[in-house]
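Residue-level listing of the chains:
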Amino acid sequence: MQIAIDGPASAGKSTVAKIIAQKLGFTYIDTGAMYRACTVIAQENQLDYGDEEAILAAVDQNQIELKVVDGEQKVFTGKNDVTQAIRMPEVSANVSQVSALSGVREKMVSLQRQMAGKMNVVMDGRDIGTTVLPHAEVKIFLVASAKSRAQRRMLDLKQRGIKSSQTLAEIEESIKQRDYKDSHRKISPLKKAPDAVEIDTTKMSIEQVVDAILAEIAKSQKNI
Ligand code: CDP
Ligand code: CDP
């Protein structure tokens with residue numbers, strides 16, 4: 001079974017996707033972490049964020065892996081644990097440029113489909129319902145106001161122990177810029193699939209969002 005969760009930055013996708021995967025015994029796949037890992041690889045190799053050829057060659061030499069270590073989701077590039085590094089503001093600021101490169105998308109989408117072909121998955125990202133898993137049994141599109149998403153992002157960085165000098169207004173601006181770039185790129189832009197269920201989480205708790213998605217999953221099972 002495939003459950004696709006898409007939406008703009010900090011709408012709560014990964015938080016609820018993780019909980020739902022745990023409840024159902026499915027594998028959670030954070031596709032944003034994969035594009036962030038590509039960006040870290042570019043950064044560490046001092047590559048231009050638009051240099052597709054060089055980035056693809058570096059990604060080939062540093063295999064991106066999502067692993068669960070002691071119950072925690074970790075992201076590796078080769079032997080390096082980049083779980084913390086992928087959340088840094090510098091990565092957030094440049095990931096949209098890297099993720100817009102067609103070769104990078106092709107490589108990541110192929111890896112994502114491979115994983116989804118082997119196991120039951122809850123996958124979150126921007127193009128899961130539209131491109132990566134167009135036949136997913138359940139498609140969810142999470143949205144929330146930019147202000148509440150900025151507040152969530154600020155709290156999230158604090159909770160992850162990541163120090164950032166960005167003010168709330170700066171975080172909101174950088175989220176809006178990223179959403180704009182993600183929605184306007186040529187290849188598989190951020191877009192609600194026609195058959196996705198949209199949920200506005202602005203005023204919802206994490207539990208309420210999880211319950212709403214579980215209800216959609218139950219509904220889809222009845223329809224089979
Ligand atoms: O967690 P947050 O919402 O900040 O973003 P993310 O899910 O970690 O994704 C980071 C970036 O990766 C996005 O802004 C997109 O540029 C890109 N991305 C994508 O292009 N396609 C996906 N399926 C997932 C992420
Ligand atoms: O994956 P995405 O970027 O869409 O968002 P996230 O990283 O799951 O959520 C960002 C932050 O918002 C996390 O700290 C969540 O705990 C929080 N959150 C919330 O406060 N209320 C919700 N309904 C969903 C998420």
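Being a predicted model, the structure only gives us computed values, none of them experimental.

### Here we look at the site of ligand 1
Around ligand 1 lies a shell of 20 residues, among which Arg36, Arg105, Arg153, Arg178 and Asp182 are the nearest. Take Thr31: an N or O atom from its side chain is 3.0 Å from a nitrogen atom of ligand 1. Arg105 is positioned such that a nitrogen or oxygen atom in its side chain is 2.7 Å from an oxygen atom of ligand 1. For ligand 1, the accessible surface in isolation is 530 Å², of which the surrounding protein chains cover 97%. Elements with a minimum of two residues in the shell around ligand 1: helix H2 (31-44), helix H4 (89-99) and helix H8 (168-184). Across the shell around ligand 1, the residue classes break down as four nonpolar, six polar and ten charged.

### Points about the sheet that holds strand S4 (residues 72-77)
With respect to topology, three strands assemble into an open sheet ordered S3-S4-S5, the strand pairing being antiparallel. Unpaired on one side and paired on the other, strand S3 (64-69) and strand S5 (80-81) mark the two borders of the sheet. Helix-sheet contacts for H2 involve S3, S4 and S5, and the interaxial angle to S3 is about 120°.

### Structural notes on the sheet that holds strand S7 (residues 138-143)
Strand order across the open sheet formed by five strands is S2-S6-S1-S7-S8, with parallel pairing between neighbours. Two strands in the sheet have a free side with no partner beyond their single neighbour: strand S2 (27-30) and strand S8 (197-200). When strand polarity is set aside, the average angle formed by the axes of neighbouring strands in this sheet is 20°. As paired elements, strand S1 (residues 2-6) and strand S6 (residues 121-125) share five bridges and run parallel to each other. What sits directly across from Ile3, in S6, is Val122. Running at roughly 40° to S2, H2 makes contact with S2 and S6 of the sheet.

### A closer look at the pattern of salt bridges
Inspection of the entire model under this criterion finds eleven salt bridges. One salt bridge connects Arg105 with Asp127, and the closest N-O pair in it is separated by 2.9 Å. Of the two residues, Arg105 is situated in helix H5 (residues 102-118) and Asp127 in the loop between S6 and helix H6 (128-132); the sequence distance between them amounts to 22 residues. A salt bridge links Arg160 to Asp156; the nearest nitrogen and oxygen atoms lie 3.0 Å apart. Owing to a relative accessible area of 31%, Arg160 belongs among the partly exposed residues under this scheme. The structure contains a network of salt bridges with shared partners spanning Arg126, Asp182 and Arg185.

### Observations regarding the environment of Glu53
Within the secondary structure, Glu53 is located in helix H3 (residues 52-61). Classification of Glu53 by relative accessible area gives exposed; the value is 68%. Sequence spacing of Glu53 and Asp182 is 129 residues, and the spatial spacing of their C-alpha atoms is 21 Å.

### Let's talk about the UniProt feature "domain: Cytidylate kinase" (unreviewed entry) in the protein
Under the UniProt annotation, "domain: Cytidylate kinase" (unreviewed entry) lies at residues 3-218. Taken end to end, residues 3-218 is 52% helix and 17% strand, and its first and last C-alpha atoms sit 12 Å apart.

Calculation notes
- Residue indices begin from 1 for each chain and proceed along its sequence in written order.
- Labels are handed out in written order, letters beginning with A for the chains and numbers beginning with 1 for the ligands.
- The predicted nature of this model means local features are confined to residues of pLDDT at least 70 and side-chain atom pairs, given and counted, to a pLDDT of 80 or more, with totals for whole chains, interfaces and linings taken over all residues.
- Side-chain measures were taken over the full set of non-hydrogen atoms in the model, leaving aside hydrogen atoms and water.
- Whether a residue is near a molecule or strand depends on its heavy atoms: it is near if one of them lies within 4 Å of it.
- Contacts described as polar in this section are N or O atom pairs within 3.5 Å, which, within protein, must combine one atom able to donate a hydrogen with one able to accept it, while residues neighboring in sequence count only if both atoms come from side chains.
- Per-residue and other accessible areas were derived by the Shrake-Rupley procedure at a 1.4 Å probe size, with only the shown protein chains allowed to occlude residues.
- Secondary structure counts use DSSP, requiring at least four H or I residues in a row for a helix and at least two E residues in a row for a strand, with both numbered from the N terminus.
- Residues are grouped as follows: Ala, Val, Leu, Ile, Met, Phe, Trp, Tyr, Cys and Pro are nonpolar; Asp, Glu, Lys and Arg are charged; all remaining types, including Gly, are polar.
- Here, strands pair whenever DSSP counts at least two bridges between them.
- By definition, residues are in contact when any of their heavy atoms lie within 4.5 Å.
- Whenever a helix is involved, its axis is fitted only over the stretch in contact; in every case the axis is a line through C-alpha atoms, and angles between N-to-C directions fall within 0 to 180 degrees.
- We define a salt bridge as a contact between a side-chain nitrogen of Lys or Arg and a carboxyl oxygen of Asp or Glu at a distance within 4 Å.
- Burial classification: accessible surface area is computed with a 1.4 Å probe over protein chains only, and a residue below 20% of its type maximum counts as buried, one above 50% as exposed, and the rest as partly exposed.
- UniProt positions are given in the numbering used here, feature names are shortened, and annotations may be inferred rather than shown by experiment.

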